[in-house]
Amino acid sequence: MLPALVYRTLRTARPKCLHKFAWNFGVKGLVSVEKFKRRIRRGEYFPPFLYLSILNSCNLRCQGCWVDVEAERHELDLDVLNRTIEGAKAQGNSFFGILGGEPFMHSQLMDLLAAHPDCYFQVFTNGQFITEKVASRLAAMGNVTPLISIEGRDLTSDERRGNKDVLNRTLRGLDHCLKAGLLTGVATSVCQTNIGELLTEGWLRELVSRGVHYVWYHTYRPVGPKMNPALALRPEQLVEVRKFVVEMRSRVPIAIIDAYYDHRGQALCPMSTGISHHVGPTGGIEPCPIIQFAAENIRDPRGIGITMRDSAFLKDFRELSARHTRGCVVLERPDLVKEIVVKHGARDTTLRGTAMAELDAMTPRFSQWLPGEEVPERHWMYRLSKKFWFSDFGAYRDTAQDAEGRARKLRQQLQPVPNGISSSTQP
Ligand code: SF4
């Protein structure tokens with residue numbers, strides 16, 4: 001798999017894009033994780049991977065979206081973004097995830113990317129604003145990889161994203177990126193309506209023949225003002241996604257990212273391990289994108305380094321959620337999320353102001369932590385890179401939750417029932 005992937009990447013990506021990926025993300029990215037590990041040994045936390053939602057606006061209306069896409073536009077301006085990135089660079093960071101809303105609707109995105117040639121940006125986008133001109137400007141900078149979200153074939157895409165002709169418009173943007181020689185990825189939030197269409201070897205091979213370099217399979221999280229819990233995957237489907245990813249990593253010449261498992265296949269939460277935290281469109285420093293509460297803001301005059309290092313709110317979130325689960329504390333224990341928010345008097349960072357009511361409306365459900373169903377990495381590259389640079393960094397030393405008890409309950413629920421649907425998804 002690997003020689004074919006490397007060969008086609010070297011043949012299709014622009015040399016400057018390859019150089020920036022190898023140096024700004026590869027070498028400097030690993031150094032930032034090593035610095036992160038050293039900080040942890042000193043009992044200090046600053047995430048090597050910072051995710052910035054630079055605005056709330058978007059042209060689509062996806063099911064299960066937790067962003068205030070219908071609210072008045074809020075953009076983080078270039079000055080506050082540059083200050084934040086400079087502050088993170090001072091901690092040794094070089095990689096940033098750029099989210100929204102739709103980042104290419106932000107009036108200063110290209111200036112932001114151009115202002116930091118020593119960094120590497122992964123832009124989470126629906127691709128619909130990426131014209132040939134935009135794509136060639138990005139390729140000329142080289143320090144950007146567009147991660148383009150595709151949520152289904154034609155009909156499913158329109159349904160999932162609340163608009164018309166969604167897939168074609170997205171594929172146009174994707175092709176512009178590939179034609180410009182950008183390292184380009186495709187992301188999917190796997191759910192009931194697209195698992196049959198996009199969790200297939202056939203779809204991956206289609207992406208390979210189109211020239212796509214990597215994919216990221218998220219799993220649908222029923223959160224936000226329109227949760228659509230019926231779209232969420234059942235435990236046995238979560239295992240199916242994991243098995244598929246591990247198998248395809250050894251077979252199809254395309255890189256496959258995930259953020260929820262270590263090299264042994266043990267579940268983890270990037271927020272609990274502290275490897276990533278999130279900044280919302282109003283500047284709130286949030287534990288992760290779907291925990292829309294904050295006790296601090298990036299406009300804090302102390303600067304982002306000290307503000308995040310000294311945040312009791314973030315510390316409590318990491319430690320308490322790690323104590324209760326290796327999975328997603330939002331899905332499994334919305335009550336615990338509420339408890340921490342109230343304890344720290346954290347603000348609701350949504351413009352709609354209903355984040356607490358949404359937590360109250362959630363039904364606890366299984367997430368990626370399914371003891372007894374671990375699927376270890378098979379391909380040596382993923383095994384090594386996760387072992388050294390994407391583990392749980394010791395976050396689960398005192399996870400109280402008895403994995404055995406939980407595994408027993410899970411096995412009961414994974415018992416095939418006549419109609420093939422598990423009796424419950426509740427942990
Ligand atoms: S809390 Fe859930 S959504 Fe947030 S980083 Fe952890 S696993 Fe992901």
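Located above this text is the structure these notes cover.
Residues numbered from 1 in each chain as written. Predicted model: local features only at pLDDT ≥ 70, side-chain atom pairs only at ≥ 80, totals over all residues. Heavy atoms only, no water.

Asker: Is there a simple way to think about the overall build of the protein in this case?
Answerer: Assigned secondary structure in the protein consists of 18 helices and eleven strands. On C-alpha atoms alone, the protein measures out to a radius of gyration of 20 Å, which is about the 22 Å that the 2.2 N^0.38 rule sets for 427 residues. Projected onto the principal axes, the alpha-carbon positions of the protein cover approximately 55 × 50 × 40 Å. In the protein, which comprises 427 residues, the share counted as buried stands at 59%. (Helix = DSSP H or I, 4+ residues; strand = E, 2+ residues; numbered from the N terminus. Rg over C-alpha atoms; globule rule 2.2 N^0.38 Å. Buried < 20%, exposed > 50% of the residue type's maximum accessible area, 1.4 Å probe, protein only.)

Asker: Would you mind showing me how to read the environment of Arg38 here?
Answerer: Of note, Arg38 is situated in helix α2 (residues 15-41). Given the relative accessible area of 42%, Arg38 is considered partly exposed. For the pair Arg38 and Asn93, spaced 55 residues apart in the sequence, the C-alpha separation amounts to 14 Å.

Asker: Teacher, can you tell me more about the packing of aromatic side chains here?
Answerer: Aromatic rings in a pair are described by how distant their centres are and how their planes are angled relative to each other. Overall, the coordinates contain 14 aromatic pairs when judged by the stated rule. Taking the centre distance of 5.1 Å and the plane angle of 90 degrees together, the rings of Phe36 and Phe393 count as edge-to-face. Here Phe36 is found in helix α2, whereas its partner Phe393 is found in the loop between α17 (380-389) and α18 (403-414), with 357 residues between them in sequence. Take Phe36 and Phe393: they sit in the same class, and that class is buried. Site record: aromatic cluster; members linked through ring pairs are Phe21, Phe25, Phe49, Tyr51, Phe95, Tyr120, Phe124 and Trp216. When the ring centre of Tyr382 is taken as reference, the NZ or CZ atom of Arg249 above it lies at 4.2 Å. Above the face of the Tyr45 ring, Arg318 is positioned so that its terminal group lies 4.1 Å from the ring centre. (Phe/Tyr/Trp six-rings, centres within 6.5 Å; stacked < 30°, edge-to-face > 60°. Lys NZ or Arg CZ within 6 Å of the ring centre and 35° of its normal.)

Asker: Help me understand the state of the cysteines in this model?
Answerer: Disulfides are covalent bonds that link the sulfur atoms of two cysteine residues. Counted under the stated rule, the structure contains zero disulfides. Cys119 forms no disulfide, and the closest cysteine sulfur to it belongs to Cys17, at a distance of 16 Å. Given a relative accessible area of 0%, Cys119 falls into the buried group. (Disulfide = S-S within 2.5 Å.)

Asker: What should I look at first to understand the packing of helix α9 (residues 201-210) against helix α10 (residues 235-251) in this one?
Answerer: Angle between the axes and distance between the axes: these two values describe a pair of packed helices. Packing of α9 against α10 leaves a shortest axis separation of 11 Å and a crossing angle of 45 degrees. Of the possible angle classes, the one that applies to α9 and α10 is oblique. Both α9 and α10 take part in a crossing whose hand is right-handed. Contact with α9, carried on its side by Glu201, Leu204 and Arg205, involves Phe244, Met248 and Arg251 of α10 and no other residues of that element. The class makeup of the residues in the contact of α9 with α10 is three nonpolar, no polar and three charged. (Axes fitted to C-alpha atoms, helices over the stretch in contact; angles between N-to-C directions. Parallel < 35°, antiparallel > 145°, perpendicular 65-115°, else oblique. Left-handed = near helix turned anticlockwise from the far one by under 90°. Contact = heavy atoms within 4.5 Å. Nonpolar A, V, L, I, M, F, W, Y, C, P; charged D, E, K, R; others polar.)

Asker: Even after reading the chapter, I still don't get the site of the ligand, so can you show me in this structure?
Answerer: Inspection of the region around the ligand gives Arg221, Tyr260, Cys269, Pro270, Met271, Cys288, Ile290, Cys328, Val330 and Gln368 as its neighbouring residues. For the shell around the ligand, the residue count by class is eight nonpolar, one polar and one charged. (Near = heavy atom within 4 Å.)

Asker: I keep staring at helix α7 (residues 166-179) and nothing clicks. Help me out?
Answerer: Helical geometry: 3.6 residues make up each α-helical turn, so side chains three or four residues apart lie on a common side. In this model α7 runs 20 Å from its N-terminal to its C-terminal C-alpha over 14 residues, within 8% of the 20 Å that 1.5 Å per residue would give. Of the residues making up α7, those classed as buried are Val166, Leu167, Thr170, Leu171, Gly173, Leu174, Cys177 and Leu178. The arc enclosing the buried residues of α7, seen along the axis, measures out at 160 degrees, which places them on a common side. Summarising the contacts, the buried residues of α7 are in contact with α5 (132-141), β4 (144-149), α6 (154-161), β5 (185-190) and α9. Gly181 sits one or two residues past α7 and shows a positive phi near 85 degrees. (Expected span 1.5 Å × (residues − 1). Arc of directions from axis to C-beta.)

Asker: Explanation requested: the pairing of strand β3 (residues 120-125) in the structure shown.
Answerer: One face of the sheet, then the other: side chains in a regular strand alternate in exactly this way. Here β3 lies mainly inside the structure; six of its six residues are buried. By the bridge criterion, four bridges tie strand β2 (residues 95-99) to β3 in an arrangement that is parallel. Its bridge partner being in β3, Phe95 is matched across the sheet by Tyr120. Crossover handedness for the path β3 to α5 to β4: right-handed. (Pairing = 2+ DSSP bridges. Right-handed = clockwise from strand over helix to strand, strands pointing away.)

Asker: Quick question: what am I supposed to make of the environment of Gly97 here?
Answerer: Turning to its location among the elements, Gly97 is positioned in strand β2. Taking the C-alpha atoms as reference, Gly97 lies 24 Å from Val208; in sequence the two are 111 residues apart. With residues up to four places along the chain from it excluded, the contact list for Gly97 reads Leu50, Tyr51, Leu52, Gln122 and Phe124.

Asker: Sorry if this is basic, but what is going on with unusual backbone geometry here?
Answerer: The omega angle of the peptide bond from Gly100 to Gly101 is 0 degrees, so this bond is cis rather than trans. The topology assignment puts Gly101 in the loop between β2 and α4 (109-115). The phi angle at Asp165 is positive, at roughly 55 degrees, despite the residue not being glycine. Tracing the chain through its elements places Asp165 in the loop between α6 and α7. A positive phi angle, close to 50 degrees, is found at Asn228, a residue other than glycine. Here Asn228 is to be found in the loop between β6 (214-219) and α10.

Asker: What am I meant to see in the layout of surface pockets here?
Answerer: Taking a probe equal in size to a water molecule and rolling it over the atoms shows the remaining empty space. Taken as a whole, the second largest pocket encloses approximately 340 Å³ of empty space. Around the second largest pocket sit 16 residues that line it, and Tyr45, Arg318, Glu319, Ala395 and Arg397 are the ones nearest its centre. For the lining of the second largest pocket, the element with the highest residue contribution is helix α13 (residues 312-324), accounting for five residues. Per-class residue counts for the lining of the second largest pocket are four nonpolar, four polar and eight charged. (1 Å grid on protein atoms, 1.4 Å probe; cavity = no way out; pocket = protein on both sides within 12 Å on 5 of 7 lines; lining within 4 Å. Points joined across faces, edges and corners; volume = space filled by probe spheres on them.)

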